[in-house]
Amino acid sequence: YKKDLKKAEEEEDGDDDDEPMFDAKDIKKKQNEVRKNIGRNVNFLKEEGSVALENAKDITGIRNKNDLMKWSMKQLKLANECVAEFMKGYRYGRDQEIDNVMNEYFKDIEFEDDNDKTSANEEDENVMSNRPIRSGRRKRRRKSLND
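All values derive from a computational prediction rather than experimental measurement.

In this section: the overall build of the protein chain. Along its length, the protein chain carries five helices and zero strands. N-terminal to C-terminal, the α/β element order of the protein chain is α-α-α-α-α. Residues classed as buried in the protein chain amount to 3% of the 147 residues present. Considering only intrachain contacts with a sequence separation of at least 6, the fraction spanning at least 24 residues in the protein chain is 23%. If you sum the accessible surface of the protein chain, you get close to 14000 Å²; carbon and sulfur atoms cover 52% of it.

Written out as structure tokens, the structure reads:
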């Protein structure tokens, strides 16, 4: 503030028309206005702050730390359910698309005879039933093959 006043006084003496002119009286007047506004704002917050806080507590239902923790746990459970539902739909869509692509790819391939086809399927089932299951998708697939 003092530097600005000195600068303003120096500029009044100089011939620089490019720089804005500072008036010490205007600066002091603005400072007083700011002080008054700050005082009014502090008083307003003291009077109305508690009312606003109570209204926020009534609207949200969160009154203390425990209420906030309960609410956040509900939100986390909801988010978990949403992600689980999304992933279920994603897996279903992915599996359908893979089946469509595989059916399109193997559409033109014909097996030599049905006997070879059934024996190959039986061998595949025997091999698969002896291997340990490592993922959920394999479990579901093996279960669907056995049904």
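Bringing a nonpolar patch on the surface into the picture now. A cluster of nonpolar residues, Ile 98, Met 102, Tyr 105, Phe 106 and Ile 109, forms a patch on the protein surface that exposes about 490 Å² of accessible area. Here Ile 98 is to be found in helix α3 (residues 65–105). Ile 98 sits in the partly exposed class, given a relative accessible area of 33%.

To continue, consider the pattern of salt bridges. According to the stated counting rule, one finds three salt bridges in the structure shown. In this structure, the salt-bridge partner of Arg 63 is Glu 54, at a minimum N-O distance of 3.6 Å. Three or more residues are tied together by salt bridges with common partners; here these are Glu 54, Asp 58 and Arg 63.

With 41 residues, α3 extends 59 Å between its outermost C-alpha atoms, agreeing within 8% with the 60 Å of an ideal straight helix rising 1.5 Å per residue. A distance of 3.2 Å separates the backbone nitrogen of Asn 66 from a side-chain oxygen at the start of α3, and that oxygen is part of Asn 64.

What follows covers helix α2 (residues 24–60). Quick reminder: α-helices carry 3.6 residues per turn. Residues three or four places apart thus point the same way. Between its first and last C-alpha atoms α2 spans 50 Å; for 37 residues at 1.5 Å apiece the expected length is 54 Å, and the two agree. At the C-terminal side of α2, Gly 61 shows a positive phi close to 80°.

Per-residue confidence for the protein chain averages 76 on the pLDDT scale, and 60% of its residues sit at or above 70. Averaged pLDDT values for the elements of the protein chain fall to 53 in helix α4 (residues 114–130) and rise to 93 in α3.

Basis of the calculations
- Throughout this description, residue numbers start from 1 for each chain and increase along the sequence as written.
- Under the rules for a predicted model, residues below a pLDDT of 70 receive no local features and side-chain atom pairs below 80 are neither given nor counted, while totals for whole chains, interfaces and linings still include all residues.
- Heavy atoms throughout the structure, all of them, feed into the side-chain values; hydrogens and water do not.
- Here a helix means four or more residues in a row that DSSP labels H or I, a strand means two or more in a row labelled E, and each is numbered from the N terminus.
- Exposed residues in this analysis have more than 50% of their type's maximum accessible area, buried residues have under 20%, and partly exposed residues fall in between, with area computed by a 1.4 Å probe over protein chains only.
- Throughout, a residue-residue contact means that at least one pair of heavy atoms, one from each residue, lies within 4.5 Å.
- To measure how exposed things are, a 1.4 Å probe is used in the Shrake-Rupley method; for residues, cover is taken only from the protein chains shown.
- Here the term patch refers to residues with relative accessible area over 30% and no salt bridge, with like charges joined within 9 Å and nonpolar side chains (Val, Leu, Ile, Met, Phe, Trp, Tyr) within 5 Å.
- Salt bridges are defined as contacts in which a side-chain nitrogen from Lys or Arg sits within 4 Å of a carboxyl oxygen from Asp or Glu.
- What a helix should span is 1.5 Å times the count of its residues minus one.
- Pairing of N or O atoms within 3.5 Å defines a polar contact, subject to two protein rules: one partner must be a possible hydrogen donor and the other a possible acceptor, and residues neighboring in sequence count only if both atoms are side-chain atoms.
- As a per-residue measure, pLDDT reflects the predictor's confidence and takes values from 0 up to 100.

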